[in-house]
Amino acid sequence: MQNLHKIKQDMCDIGKRIYNRQFAAANDGNITVRVSENEVLCTPTLHCKGFLVPDDISLVDMTGKQLSGRKKRSSEALLHLEIYRQREDIRSVVHCHPPHATAFAIAREPIPQCILPEVEVFLGDVPITKYETPGGQAFADTIIPFVKKTNVMILANHGTVSYGETVEQAYWWTEILDSYCRMLMLAKQLGNVSYLSQEKSKELLDLKDKWGYKDPRNTSEYENCDICANDIFRDSWAEAGVAQRAFNPPPAAVASAAKAAVASSPASGIDEEKLVKLITDEVIRQMKA
């Protein structure tokens, strides 16, 4: 039998960590934990997550109807409930506005891959959803194209949502993501972001598979993808207004693009491999300029 009071205490503890890390200003953010097939514990609306007590947590059903609790449930509970409907293995969802990851949400800049080992193992490709006004079902539906292929998402012009088997695990993914986004910004200010090679990145994917962490890049569906080029969610970029503006693609992705260009428009009398190398070298030279 579950100890609901202990789960509520855990939610309050995560609320404090979110607030202390400045991931949620004022009454920002919300936390839920699924405790049965049709019951979900939910943080209240208009309440600072840094000062929650167990009695503040309400109980809602899977339609969003509040079943108990002295305070009104979060206005964005439908987003959480949609994740639970799509993923039966998920037991907790955390939504907040971590500043560095949210900066990527505002810029609609895709998160570069194959840079930091921990990010490759724990997160993988991180999608950016299309924007919808928060609170309604249309907002909740924006996660549907991505929810089964990742445990963390960036919500365009809004924040992040992450989910896991426990409330602490759900929070971890957001903390890892925001820390990574901060590192990317600092490295960019220094003037260079160095990518891992395809070979070393593949080693990380092999470790990820060995340790039981799922990644679409380790499935047959994506066996021919460029593992460092955001190929898992790239098809969603146009609809969401996402584009690489601040961070250049990894060299392997540039080479792939050059090969595609050659294949679509072959130059008569010129060796393809030499042409690809010339194009790639020139693109990389301009990236460093």
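Described below are features of the structure shown in this document.

Parameters and conventions
Residues numbered from 1 in each chain as written. Predicted model: local features only at pLDDT ≥ 70, side-chain atom pairs only at ≥ 80, totals over all residues. Heavy atoms only, no water. Patch = residues over 30% accessible without salt bridge, like charges linked within 9 Å, V, L, I, M, F, W, Y side chains within 5 Å. Areas by Shrake-Rupley, 256 points an atom, 1.4 Å probe, with all protein chains shown as cover. Salt bridge = Lys/Arg side-chain N within 4 Å of Asp/Glu carboxyl O. Helix = DSSP H or I, 4+ residues; strand = E, 2+ residues; numbered from the N terminus. Buried < 20%, exposed > 50% of the residue type's maximum accessible area, 1.4 Å probe, protein only. Disulfide = S-S within 2.5 Å. Polar contact = N/O pair within 3.5 Å; in protein donor to acceptor, adjacent residues only side chain to side chain. Contact = heavy atoms within 4.5 Å. Expected span 1.5 Å × (residues − 1). Arc of directions from axis to C-beta. Axes fitted to C-alpha atoms, helices over the stretch in contact; angles between N-to-C directions. Parallel < 35°, antiparallel > 145°, perpendicular 65-115°, else oblique. Left-handed = near helix turned anticlockwise from the far one by under 90°. Nonpolar A, V, L, I, M, F, W, Y, C, P; charged D, E, K, R; others polar. Pairing = 2+ DSSP bridges.

**Some words on a nonpolar patch on the surface**
Alright, step 1. Nonpolar side chains collect at one region of the surface, where F122, L207, W211 and Y213 lie side by side and expose about 370 Å² of accessible area between them.
Alright, step 2. Position of Y213 among the secondary structure elements: in the loop between α7 (198–210) and α8 (237–240).
Alright, step 3. By relative accessible area, Y213 is classed as partly exposed at 31%.

**Here we look at unusual backbone geometry**
Alright, step 1. In this model, A26 sits at a positive phi of 50°, which is unusual for a non-glycine residue.
Alright, step 2. With relative accessibility at 52%, the residue A26 sits in the exposed group.
Alright, step 3. Residue C114 is not a glycine yet carries a positive backbone phi of 60°.
Alright, step 4. Following the sequence through the fold, C114 ends up in the loop between α3 (99–107) and α4 (117–122).

**What to know about the state of the cysteines**
Alright, step 1. Within the structure shown, the criterion is met by one disulfide.
Alright, step 2. Two residues share a disulfide in this structure: C114 and C228, whose sulfurs sit 2.1 Å from each other. One quick way to see it: the torsion about the S-S bond of C114 and C228 is about -90°, and its sign makes the bridge left-handed. Here C228 lies in the loop between α7 and α8 and C114 lies in the loop between α3 and α4, a separation of 114 residues in the sequence.
Alright, step 3. The exposure class of C114 is buried, given its relative accessible area of 0%.

**A few points about the side chain of S74**
Alright, step 1. Structurally, S74 is set in the loop between β4 (66–68) and α2 (77–86).
Alright, step 2. On the basis of relative accessibility, which here comes to 4%, the residue S74 falls in the buried class.
Alright, step 3. Among the polar contacts listed, one links the side chain of S74 to the backbone nitrogen of E76, at a separation of 3.1 Å.
Alright, step 4. Ignoring sequence-local partners within four residues, the contact set of S74 consists of N30, C42, T43, P44 and T45.

**Quick word on α7**
Turn by turn, an α-helix covers 3.6 residues, leaving residues three or four places apart pointing in a common direction.
Alright, step 1. Taking 1.5 Å of rise per residue, 13 residues should cover 18 Å, and α7 covers 18 Å from first to last C-alpha, within 8% of that figure.
Alright, step 2. Restricting attention to buried positions, one finds in α7 the residues S201, L204, L205 and K208. Within α7, the buried residues cover an arc of 100° as seen down the axis, which keeps them to one side. Of the exposed residues in α7, the ones pointing more than 90 degrees away from its buried face are E199, D209 and K210.

**Description of the packing of helix α1 (residues 4–20) against helix α6 (residues 167–190)**
Describing two packed helices takes the angle between their axes plus the distance from one axis to the other.
Alright, step 1. Two numbers describe how α1 lies on α6: the axes approach to 10 Å, and their chain directions differ by 15°. For the element pair α1 / α6, the angle class is roughly parallel. In terms of crossing hand, the pair formed by α1 and α6 is right-handed. On α6, the residues touching D10, I14, R17 and I18 of α1 are V167, E168, Y171 and W172.
Alright, step 2. The class makeup of the residues in the contact of α1 with α6 is five nonpolar, no polar and three charged.

**Focus on the sheet that holds strand β6 (residues 128–129)**
Alright, step 1. Read across the open sheet, the eight strands follow the order β4-β3-β2-β1-β5-β8-β7-β6; overall the sheet is mixed. Bordering the open sheet on either side are β4 and β6, each of which pairs with just one other strand.
Alright, step 2. Relative to strand β8 (residues 159–164), strand β7 (residues 152–155) runs antiparallel, the two being bridged by four bridges. Looking across to β8, one finds that I154 is bridged to T160.
Alright, step 3. Along the sheet face, α1 touches β1 (30–36), β2 (39–42) and β5 (92–96) and points at about 160° away from the line of β1.
Alright, step 4. Strands in contact with α6 are β1, β5, β7 and β8; relative to β8, the strand with the most contacts, it is inclined by about 140°.

Everything listed here is a matter of coordinates, which is why it stays silent on function.
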